[in-house]
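Each chain, written out:
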Number of protein chains: 2
Amino acid sequence: MDKGEQQFEMVAKAFVDHYYLLFDTNRVELSSLYNQTSMLSFEGQKIQGAEEIGMKLSQLPFDQCRHAISTIDCQPSPLAGGILVFVSGNLQLPGEEHHLKFSQMFQLIPTQQGSFFVQNDIFRLNYG
Amino acid sequence: MDKGEQQFEMVAKAFVDHYYLLFDTNRVELSSLYNQTSMLSFEGQKIQGAEEIGMKLSQLPFDQCRHAISTIDCQPSPLAGGILVFVSGNLQLPGEEHHLKFSQMFQLIPTQQGSFFVQNDIFRLNYG
């Protein structure tokens, strides 16, 4: 693995850790990871813009949840200078014995400040 | 849904139909959908380049398979002028009673000839 590849794998891993920790402990802060052009497809519903995405995520019909990550794959998104991140895992909801399996992909785009924001986010539960 | 959105949804749907039909009936032709910069992550293994990806896909340890698609989500990939496609479904192998659930994402990038090629491809089985 060359240095560039190590670097974007570190960014992807750090993003995944940060995203799901925020989701599970302080979901209202998630909107700070998106901007006005960001798109979320959540179980087929399309939402655009950081504020709207933040509202959608904070209004999901459960207060607490816990994500356990199974796999993280990432690839550079060359023309955009971004990173594609593909995650699979389990989601546990309060009072539910069974875990829900999910898959989710993100496209992270670099900002002028040297950070990244989420341009694209597609989430699906994997019904068994 | 505006006209641009309708158009890239049609491209995504046509691509998905074409890709899995080729996979299930003429897998050796899949390499024509990629180019030299294309990347495939297949169950965590990274492969780059149309020829190498074609070899990997044609050497998978089964001769025949059948994909059944459950969901297709797509979003524009604005900076690259491309389309992100996220697929979930079931894969049936010969002699296997149970289906394997999978998730797969593609980034399609427009060519100068007015077509698209697969820049990014990430495939994961969703173990139950």
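All figures in this text were calculated on a predicted structure; none of them were measured in a lab.

On to the sheet that holds strand β2 (residues 45-48) of chain B. Strands belonging to one sheet form pairs held by backbone hydrogen bonds; the direction of such a pair is parallel or antiparallel. Residues and elements named next belong to chain B. On the basis of which strands lie adjacent, the open sheet formed by 6 strands has the order β2-β1-β6-β5-β4-β3 and mixed pairing. Where the open sheet ends on each side, the last strands, each with one partner, are β2 and β3 (66-77). Going from strand to strand, the sheet's axes swing by 15 degrees on average, the running direction of each strand aside. In the sheet, strand β5 (residues 100-110) pairs with strand β6 (residues 116-125) via 9 bridges, with the strands oriented antiparallel. Looking across to β6, one finds that Leu108 is bridged to Val118. Lying on the sheet, helix α1 (residues 3-25) is in contact with β1 (34-42), β3, β4 (82-92), β5 and β6; it crosses β3 at an angle near 145 degrees.

The subject of this paragraph is the UniProt feature "domain: NTF2" (unreviewed entry) in chain A. Under the UniProt annotation, "domain: NTF2" (unreviewed entry) lies at residues 11-125 of chain A. What you have in residues 11-125 of chain A is 21% helix and 50% strand, and the ends, taken at the C-alpha atoms, are 25 Å apart.

Listed as interface residues are 33 residues of chain B and, on the opposing side, 33 residues of chain A. Interface area, chain B with chain A, both sides summed: about 2700 Å², of which 60% is carbon and sulfur. Among the residues chain B hides against chain A, the three largest losses belong to B:Lys46, B:Gln75 and B:Phe86. Together they make up 23% of the total. The tally of links from chain B across to chain A stands at 4 salt bridges. Notably, a salt bridge pairs B:Arg124 with A:Asp73, separated by 2.7 Å at the nearest N-O pair.

All names here are of chain A. Pairing between strand β3 (residues 66-77) and strand β4 (residues 82-92): 11 bridges, direction antiparallel. When the bridges of β4 are listed, Ala68 appears paired with Asn90. Following β3, the chain reverses through 4 residues before pairing antiparallel with β4; Gly81 in that reversal takes a positive phi of roughly 65 degrees.

A separate point is empty space enclosed by the protein. All names here are of chain A. On inspection of all chains with the given rule, the structure shows 1 cavity of 30 Å³ or more. Around the largest cavity, the lining residues are Tyr19, Tyr20, Phe23, Leu40, Phe42, Leu57, His67, Gln104, Asp121 and Phe123. Those elements that place two or more of their residues in the lining of the largest cavity are α1 (3-25), β1 (34-42) and β6 (116-125). Top element by residues in the lining of the largest cavity is α1. It accounts for 3 residues. Here the lining of the largest cavity is composed, by residue class, of 7 nonpolar, 2 polar and 1 charged.

Residue and element names in this part refer to chain A. Here we have 6 strands laid out as an open sheet, ordered β2-β1-β6-β5-β4-β3, and mixed in their pairing. Every interior strand has two partners, whereas the edge strands, β2 (45-48) and β3, have only one. If you compare each strand with its neighbour and ignore which way they point, the axes differ by 15 degrees on average. Pairing geometry for β1 and β2, over 4 bridges, is antiparallel.

This brings us to the side chain of A:Gln107. Positionally, A:Gln107 belongs in strand β5 (residues 100-110). With residues up to four places along the chain from it excluded, the contact list for A:Gln107 reads A:Ser77, A:Ala80, A:Ile83, A:Leu84, A:Phe117, A:Val118, A:Gln119, A:Asn120, B:Ser77, B:Leu84 and B:Gln107.

Right, let's talk about the relation of the copies chain B and chain A for a bit. Rotating chain B by 180 degrees about the axis while translating it 0.0 Å along that axis superimposes it on chain A, leaving an RMSD of 0.0 Å. Such a turn and shift between the copies fits a two-fold axis. Proximity to the rotation axis, assessed at the C-alpha, singles out B:Ala80 in chain B; its C-alpha lies 2.7 Å from the axis. Most of the interface of chain B is mirrored in chain A, where 100% of its interface residues again form contacts.

On to the environment of B:Ile69, then. All names here are of chain B. Looking at the element boundaries, Ile69 is found in strand β3. Each C-alpha atom, one on Ile69 and one on Phe102, is 9.4 Å from the other, the two residues being 33 residues apart in sequence. Ignoring any residue separated from it by four or fewer positions in sequence, one finds Ile69 in contact with Val16, Tyr20, Val87, Ser88, Gly89 and Phe102.

Thresholds, definitions, all that
- Residues numbered from 1 in each chain as written.
- Chains lettered and ligands numbered in written order.
- Predicted model: local features only at pLDDT ≥ 70, side-chain atom pairs only at ≥ 80, totals over all residues.
- Heavy atoms only, no water.
- Pairing = 2+ DSSP bridges.
- Helix = DSSP H or I, 4+ residues; strand = E, 2+ residues; numbered from the N terminus.
- Axes fitted to C-alpha atoms, helices over the stretch in contact; angles between N-to-C directions.
- Contact = heavy atoms within 4.5 Å.
- UniProt positions renumbered as here; feature names shortened; annotations may be inferred.
- Buried area = accessible area lost by both parts, 1.4 Å probe.
- Salt bridge = Lys/Arg side-chain N within 4 Å of Asp/Glu carboxyl O.
- 1 Å grid on protein atoms, 1.4 Å probe; cavity = no way out; pocket = protein on both sides within 12 Å on 5 of 7 lines; lining within 4 Å.
- Points joined across faces, edges and corners; volume = space filled by probe spheres on them.
- Nonpolar A, V, L, I, M, F, W, Y, C, P; charged D, E, K, R; others polar.
- Least-squares fit on C-alpha atoms with pLDDT ≥ 70 in both.

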